[in-house]
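One letter stands for each residue in the lines below.
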Amino acid sequence: TANLAFGVLLGVVAASLLFAFFDSSSDSGGASVHVLKVAHNQPTTHPVHLGIQHMAERVAALSGGRMRLDVFPNGQLGSETQTMEQLQAGTLDIAKGSSAPISNFISVCKVFSLPYLFRDEDHFWAVLNGEVGAGILESLATNDAGRPSGLRGLTYYDAGSRSFYAKKAIHSPADLAGMKIRVQNDPVAMDMVEAMGAAPTPVAWGELYTALQQGVVDGAENNSPSFVSSRHFEVCKQFSLDHHARVPDVLLMSSLTWNRLSEQEQAWLSQAAAESSTFQRAAWAAGVAEAVGIMKEEGVQVVEVNADSFIEATQSVRDKYATGPLRELVVKIGEVE
Ligand code: GCU
């Protein structure tokens, strides 16, 4: 009987280990908690982190503690491209990515990288929150070959507008001539920077501070909250407001994870993601205001720019991508009021 008892015990231990493994659950006070891993590449002061944190709080509340998000900030789990690959492999559950690197997986996202596509912030949000935005989010589930991509779009986050920063002021494309400008892992951004007369250099966001400091690149482009929270202002003191693109952030989920969730769990996550988007937009507005203050304190020169020469210089880029499947989309976006 001792042997039998030992056997039963062993069986119980093995079964619970197996259960824990397949359910990726952890045991907290007896109740099983479904834990999902979330990655992003910004510091914990950034509005993206605040948005994801809000989502984690909402998931915990909606599920009565049965679901938990563990958040890994600062690019701890890798670059955005690497975390997309982890989602596809199912080794990561949720990640925030700029639509720019996502466009290497799902090319419809290239549309968001086009320079001067949106008239202003209102136009941008009317597109994202309307039919076009919903359609693009849904199409993330299918890759360019028409097969399941392994990804699922949850919601959009605000990432403002992107502008150039360097040690010198950029008033027009002429000022960019001969400069090495860091871009994301994004063919459209490469074409854009080239059309403006500079040499585009892809560098992962987490490596950019050092690249700027060591002169691997002469400048970069981003929104003001990211410029400030990355402390790139310590190297680059001139921020030129040319607002060349509005590239949204997207919250993505592994479809392997999604398909393993119960309908109830999927509903909690969808609701929490939608609520976190609203929350993040407000955090974004506060983040921009805060960034303006910090830039002032830190002696950053904010350069007002007339965008006309930038718009003109990048016409070839809009023409190049507004062909084939993106053509209709560009027209549709233009028509959104
Ligand atoms: C933005 C965006 C990030 C991205 C970064 C970059 O800040 O929100 O997701 O990584 O730009 O330029 O790499």
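Trainee: Any chance you could explain the pattern of salt bridges here in plain terms?
Mentor: Pairs can form between side chains of opposite charge whenever their charged atoms are close. By the definition in use, this model includes seven salt bridges. A salt bridge links D249 to K96, with the nearest nitrogen and oxygen atoms 3.1 Å apart. Here the residue D249 occupies a position in strand β11 (residues 249-254), and K96 occupies one in strand β4 (residues 94-98), the gap between them amounting to 153 residues. Owing to a relative accessible area of 6%, D249 belongs among the buried residues under this scheme. According to the relative accessible area criterion, K96 is buried, its value standing at 2%. Between E234 and R231 there is a salt bridge; the shortest N-O distance is 2.6 Å. Residue E234 is classed as partly exposed on the basis of its relative accessible area, which comes to 38%. Within the structure, one salt-bridge network assembled from shared partners comprises E80, K96 and D249.

Trainee: How do you make sense of the side chain of S276 when you look at a structure like this?
Mentor: Within the secondary structure, S276 sits in helix α12 (residues 263-297). Among the polar contacts made by the side chain of S276, one reaches the side chain of Y157 at a distance of 2.7 Å. Setting aside anything within four residues of it in sequence, one finds S276 in contact with G51, H54, M55, Y157 and L251.

Trainee: Looking at this structure, I do not really get the packing of helix α2 (residues 47-62) against α12. What am I missing?
Mentor: When two helices pack together, their arrangement is given by the angle between the helix axes and by the axis-to-axis distance. At a minimum axis distance of 8 Å, the contact between α2 and α12 shows a crossing angle of 145°. In this structure, α2 crosses over α12, and the sense of that crossing is right-handed. Contact residues: P47, V48, L50, G51, H54, M55, R58, V59 and L62 in α2; W268, L269, Q271, A272, A273, E275, S276, F279, Q280, A283, W284 and G287 in α12. In terms of residue class, the contact of α2 with α12 is built from 13 nonpolar, six polar and two charged.

Trainee: In this structure, what is going on with the pairing of strand β5 (residues 151-157)? I would like to understand it.
Mentor: Walk down a regular strand and you will see the side chains alternate between the two sheet faces. For β5, the buried fraction is high: six of the seven residues fall into the buried class. One ladder, built from six bridges, connects β5 with β11; its direction is antiparallel. In the strand pairing of β11, Y156 is matched with V250.

Trainee: Explanation requested: the domain arrangement of the chain in the structure shown.
Mentor: Interface size is commonly expressed as the accessible surface area that is lost when the partners come together. Under the domain assignment used here, the chain contains domain 1 (2-158 + 248-287) and domain 2 (162-246 + 290-335). Between domain 1 and domain 2, the C-alpha centre-to-centre distance is 27 Å. With 37 residues of domain 1 in contact, the opposing surface of domain 2 contributes 32 residues. In total, about 2,800 Å² of surface goes out of reach between domain 1 and domain 2, with carbon and sulfur atoms giving 64% of it. Put simply, domain 1 and domain 2 have zero salt bridges between them.

Trainee: In this structure, what is going on with the site of the ligand? I would like to understand it.
Mentor: In the vicinity of the ligand lie 13 residues, with E80, K96, R162, R182 and D249 positioned nearest. Within the side chain of Q42, an N or O atom sits 3.1 Å from an oxygen atom of the ligand. R182 places a side-chain nitrogen or oxygen 2.7 Å from an oxygen atom of the ligand. Here the ligand has 310 Å² of accessible area as a free molecule, and 98% of this is covered by the chains. For the shell around the ligand, a count of residues per class yields one nonpolar, seven polar and five charged.

Trainee: Mind showing me how you'd approach the packing of aromatic side chains here?
Mentor: Both the distance between ring centres and the angle between the ring planes are used here to describe each pair of aromatic rings. One pass over the full model with this rule turns up nine aromatic pairs. Aromatic side chains Y165 and F239 sit 5.9 Å apart centroid to centroid with 15° between the ring planes, which places their arrangement in the stacked category. Residue Y165 is found in strand β6 (residues 162-166), and its partner F239 is found in strand β10 (residues 238-245); the two are separated by 74 residues along the sequence. What links up through ring pairs into an aromatic cluster is the set F112, F118, F124, W125 and Y156. Here the guanidinium or amino end of R152 rests over the ring plane of W258, the centre of that ring lying 4.0 Å away. The ring of W125 carries R281 above its face, with NZ or CZ at 4.0 Å from the centroid.

Parameters at a glance
- Residues numbered from 1 in each chain as written.
- Predicted model: local features only at pLDDT ≥ 70, side-chain atom pairs only at ≥ 80, totals over all residues.
- Heavy atoms only, no water.
- Salt bridge = Lys/Arg side-chain N within 4 Å of Asp/Glu carboxyl O.
- Helix = DSSP H or I, 4+ residues; strand = E, 2+ residues; numbered from the N terminus.
- Buried < 20%, exposed > 50% of the residue type's maximum accessible area, 1.4 Å probe, protein only.
- Polar contact = N/O pair within 3.5 Å; in protein donor to acceptor, adjacent residues only side chain to side chain.
- Contact = heavy atoms within 4.5 Å.
- Axes fitted to C-alpha atoms, helices over the stretch in contact; angles between N-to-C directions.
- Left-handed = near helix turned anticlockwise from the far one by under 90°.
- Nonpolar A, V, L, I, M, F, W, Y, C, P; charged D, E, K, R; others polar.
- Pairing = 2+ DSSP bridges.
- Domains from an automatic or database assignment.
- Buried area = accessible area lost by both parts, 1.4 Å probe.
- Near = heavy atom within 4 Å.
- Areas by Shrake-Rupley, 256 points an atom, 1.4 Å probe, with all protein chains shown as cover.
- Phe/Tyr/Trp six-rings, centres within 6.5 Å; stacked < 30°, edge-to-face > 60°.
- Lys NZ or Arg CZ within 6 Å of the ring centre and 35° of its normal.

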